[in-house]
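Given next are the chains, with one letter for each unit.
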Number of protein chains: 2
Amino acid sequence: MLEFAILGLLHQSPMHGYELRKQLAQVLGGLRSISYGSLYPALKRLYAAGYVTTDEPDPRAPLPADAPPLTGRRGKVVYTITAEGKERFHELVSQSGPEAYDDGGLFGVRLAFFRHTAADVRLRILEGRRRTVERQREGLRASLSRTRERLDRYTLELQRHGLDSVDREVRWLAELIDRELTDSEGRRDDGAAQGDPPAQAPPEP
Amino acid sequence: MLEFAILGLLHQSPMHGYELRKQLAQVLGGLRSISYGSLYPALKRLYAAGYVTTDEPDPRAPLPADAPPLTGRRGKVVYTITAEGKERFHELVSQSGPEAYDDGGLFGVRLAFFRHTAADVRLRILEGRRRTVERQREGLRASLSRTRERLDRYTLELQRHGLDSVDREVRWLAELIDRELTDSEGRRDDGAAQGDPPAQAPPEP
DNA sequence: GGATCGATGTATCGGGACGATACATTAAGG
DNA sequence: CCTTAATGTATCGTCCCGATACATCGATCC
């Protein structure tokens, strides 16, 4: 999940880890931030996979005998996406299966990078997410009406608020889907509609 | 976090792991369930800490030489809370600091066990949670008005939905707090109000 | 009668994410 | 000048999750 987000950001411009974290927090919706304990290992994985490169020669060499607790000078490291990384990102961005929307966190990241996503993929993801959340809602409704009597008021309140949230998400998704459909109709009728720059990522050769 | 929830459930009656998981899913609000990969290690930790006991003599013995992949017959294991476990639960249930409300997940669990929580602790937790979420809301509002122009519509939509959710949570919490205050007034006016069984856990000796 | 399917039930493994922590450099401001 | 805040890199232990394996039991189907 981080993999996708990092590649997406580096796709726009090279960055430090620190800057990456800030952008990430913004793009993820402002509330949920990412910790360094996730970020740096993720970058290491991406480096190992060949998807990103660094300025610094290579921090592989583990400095053999350095008894004092590793007080080696730490320079800034700029991460840059490689050609393989871009390829990987386009591969990920074109996926529209359940893995794209079953997990809410990943769905959020996908949404944040929708401007790099083809229109048909966007629609499939939004509709998949809606189905998923609708199923959750039905399950919740059933459970609530089944156990309404036996729960104390706090648990009940928790369930009601949860159901309300899920319900709101469904409506929100329906709105987004509507807008997608309206836009694509407009584009079909009009040749090129206003205010919607076409997506990158052509339909995969 | 699981520690609290498990102790809370076992406080009511002994249970199998399987049953525990089902009850947990119900109590946690219906959406978020707990996986066995969390549950059994958690039970193991609680066992090691002396907070729960099992029927089965002791699954410690690691069966020395048994080349076939561990096909030992697996019996049901009933977990029972110990005296130390009950003590630990009451200790946890009386905490009202930031750790009780800063994390939404833990707050949910705390709320689910509010019927075991003293009235003053309930109020402190609810108000703490409200402050936390209000701060989140303000941060989100600021970030949104700061970056409104530069964000694409999808990221914008994500932020708006997030802000809306947070806003709803604040209102929900305000309602819960109101109800707490009303009830305690009623109880003060009336001696013993209806429909609100008094909390266990006296104010910590 | 037997096959099979879904619920019940226990348990591990690898990996991902987090919070806490340590350490270093530069900017700002009192 | 000194101290605070922001910038910046990185690891550690811990928790939790999804996937997976194994096992038993009742019901339903053919």
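Everything numeric in this text was worked out from a predicted model, so none of it was measured.

**Student:** So what's going on with the overall build of chain A? Residues and values would help.
**Tutor:** A count of helical and extended segments in chain A gives seven helices and two strands. Of the regular secondary structure in chain A, the N- to C-terminal order runs α-α-α-β-β-α-α-α-α. Of all 205 residues assigned to chain A, the portion counted as buried reaches 40%. Considering only contacts in chain A between residues 6 or more positions apart, those separated by 24 or more positions represent 66%. Of the roughly 11,800 Å² of accessible surface on chain A, a fraction of 52% belongs to carbon and sulfur atoms.

**Student:** Tell me about empty space enclosed by the protein, and name the residues and values.
**Tutor:** Scanning all chains against the criterion turns up one cavity of 30 Å³ or more. Considering only enclosed or pocket space, the largest cavity measures out at about 40 Å³ in volume. Every residue lining the largest cavity is listed: A:Leu176, A:Arg179, A:Glu180, B:Arg153, B:Tyr154 and B:Glu157. Of all elements in the fold, only α7 (153–190) of chain A together with α7 (153–190) of chain B reach the threshold of two or more residues within the lining of the largest cavity. Among the residues making up the lining of the largest cavity, the classes are represented as two nonpolar, no polar and four charged.

**Student:** How would you summarise the environment of A:Ala49 if you had to cite specific residues and measurements?
**Tutor:** Residue and element names in this part refer to chain A. Relative to the helices and strands, Ala 49 resides in helix α3 (residues 36–49). You can call Ala 49 partly exposed: its relative accessible area is 43%. Residues Ala 49 and Glu 84, 35 residues apart in the sequence, show an inter-C-alpha distance of 9.1 Å.

**Student:** Requested: an account of the interface of chain B and chain A, with residues and values cited.
**Tutor:** Taken residue by residue, the interface counts 36 residues in chain B and 35 residues in chain A. Of all residues in chain B, B:Arg153, B:Tyr154 and B:Leu158 give up the largest surface area on contact with chain A, accounting jointly for 21% of the area buried on that side. The interface formed by chain B and chain A includes eight salt bridges. Of the charged contacts in the structure, one is a salt bridge between A:Arg115 and B:Asp152, with a shortest N-O distance of 3.0 Å. Where chain B touches chain A, the interface holds 15 residue pairs in polar contact (both at pLDDT 80 or more). Sorting the residues of the side of chain B that touches chain A by element identifies α2 (17–27), α5 (104–112), α6 (119–147) and α7 of chain B as the ones contributing at least two each. The dominant element in the side of chain B that touches chain A, judged by the number of residues it contributes, is α7(B), at 16 residues. In terms of residue class, the side of chain B that touches chain A is made up of 12 nonpolar, 10 polar and 14 charged.

**Student:** An account of the side chain of A:Thr132 is requested, with residue identities and associated values reported.
**Tutor:** Within the element layout of this structure, A:Thr132 appears in helix α6 (residues 119–147). By relative accessible area, A:Thr132 is classed as buried at 9%.

**Student:** For the packing of helix α1 (residues 2–12) of chain B against helix α4 (residues 83–93) of chain B, give the residues involved together with the corresponding values.
**Tutor:** Residue and element names in this part refer to chain B. Here α1 crosses α4 at 120°, and the two axes come no closer than 10 Å. Comparing the axis directions of α1 and α4 gives the class oblique. Of the two possible hands of crossing, α1 and α4 adopt the one that is left-handed. Along the contact surface, α1 presents Glu 3, Phe 4, Leu 7, Gly 8 and His 11, while α4 presents Gly 85, Lys 86, Arg 88, Phe 89, His 90, Leu 92 and Val 93.

**Student:** Got a sec to walk through the relation of the copies chain B and chain A? Specific residues and values, please.
**Tutor:** What relates the two chain copies is a rotation about an axis together with a slide along it. Take chain B, turn it by 180°, move it 0.0 Å along the axis, and it overlays chain A with an RMSD of 0.1 Å. Seen this way, the second copy is the image of the first under a two-fold rotation axis. Using C-alpha coordinates, one finds that chain B approaches the rotation axis most closely at B:Ser165, a distance of 3.5 Å. Residue by residue, 97% of the interface of chain B is reproduced at the interface of chain A, so both copies engage with the same surface.

**Student:** Talk me through the layout of surface pockets; I want residue IDs and the actual numbers.
**Tutor:** Computed from the structure, the largest pocket encloses a volume of approximately 1,900 Å³. A:Leu31, A:Arg32, A:Ser165, B:Arg32 and B:Ser165 are, among the 46 residues lining the largest pocket, the residues nearest its centre. When contributions to the lining of the largest pocket are tallied by element, the ones reaching two or more residues are α5 (104–112), α6 and α7 of chain A together with α5, α6 and α7 of chain B. Its residues placed into classes, the lining of the largest pocket shows 17 nonpolar, 17 polar and 12 charged.

**Student:** For the nonpolar core, give the residues involved together with the corresponding values.
**Tutor:** For soluble globular proteins, the rule of thumb is that nonpolar side chains tend to be buried together. With 50 residues, the main nonpolar core has A:Ile6, A:Leu10, A:Phe107, A:Leu111, A:Phe113 and A:Leu126 as its most contacted residues. Counting residues domain by domain, this core receives three or more from each of domain 1 (2–57 + 79–93) and domain 2 (118–190) of chain A. The next biggest cluster of nonpolar side chains, apart from the first, holds 49 residues, and it includes B:Phe4, B:Tyr79, B:Ala118 and B:Val133.

**Student:** Please provide a residue-by-residue account of the side chain of A:Arg110, values included.
**Tutor:** Residues and elements named next belong to chain A. Assignment of secondary structure puts Arg 110 in helix α5. In this structure the side chain of Arg 110 is engaged in a polar contact, spanning 2.8 Å, whose partner is the backbone oxygen of Val 93. For Arg 110, the residues in contact, after removing those within four places along its chain, are Phe 4, Leu 92, Val 93, Ser 94, Gln 95, Ala 100, Thr 117, Val 121 and Ile 125.

**Student:** Please provide a residue-by-residue account of the confidence of the model for chain A, values included.
**Tutor:** Residue and element names in this part refer to chain A. For chain A, per-residue confidence averages 83 on the pLDDT scale, and 81% of positions sit at 70 or higher. At the level of individual helices and strands, chain A shows its lowest average pLDDT in α7, which scores 89, and its highest in strand β2 (residues 79–81), which scores 96. Here residues 58–72 scores under 50 on pLDDT; set against residues more than four positions off or in separate chains, the count is three contacts. Long-range and interchain partners of residues 198–205, a stretch whose pLDDT sits below 50, account for nine contacts in this model, where long-range means more than four residues apart.

**Student:** Lay out a nonpolar patch on the surface in plain terms, naming residues and giving numbers.
**Tutor:** All names here are of chain A. There is a patch of nonpolar side chains on the surface, built from Tyr 18, Tyr 36 and Tyr 40 and spanning about 330 Å² of accessible area. Looking at the element boundaries, Tyr 36 is found in helix α3. Residue Tyr 36 is classed as partly exposed on the basis of its relative accessible area of 32%.

Quick notes on the rules
Residues numbered from 1 in each chain as written. Chains lettered and ligands numbered in written order. Predicted model: local features only at pLDDT ≥ 70, side-chain atom pairs only at ≥ 80, totals over all residues. Heavy atoms only, no water. Helix = DSSP H or I, 4+ residues; strand = E, 2+ residues; numbered from the N terminus. Buried < 20%, exposed > 50% of the residue type's maximum accessible area, 1.4 Å probe, protein only. Contact = heavy atoms within 4.5 Å. Areas by Shrake-Rupley, 256 points an atom, 1.4 Å probe, with all protein chains shown as cover. 1 Å grid on protein atoms, 1.4 Å probe; cavity = no way out; pocket = protein on both sides within 12 Å on 5 of 7 lines; lining within 4 Å. Points joined across faces, edges and corners; volume = space filled by probe spheres on them. Nonpolar A, V, L, I, M, F, W, Y, C, P; charged D, E, K, R; others polar. Buried area = accessible area lost by both parts, 1.4 Å probe. Salt bridge = Lys/Arg side-chain N within 4 Å of Asp/Glu carboxyl O. Polar contact = N/O pair within 3.5 Å; in protein donor to acceptor, adjacent residues only side chain to side chain. Axes fitted to C-alpha atoms, helices over the stretch in contact; angles between N-to-C directions. Parallel < 35°, antiparallel > 145°, perpendicular 65-115°, else oblique. Left-handed = near helix turned anticlockwise from the far one by under 90°. Least-squares fit on C-alpha atoms with pLDDT ≥ 70 in both. Core = buried A, V, L, I, M, F, W, Y, C linked by side-chain atoms within 4.5 Å. Domains from an automatic or database assignment. pLDDT = per-residue confidence, 0-100. Patch = residues over 30% accessible without salt bridge, like charges linked within 9 Å, V, L, I, M, F, W, Y side chains within 5 Å.

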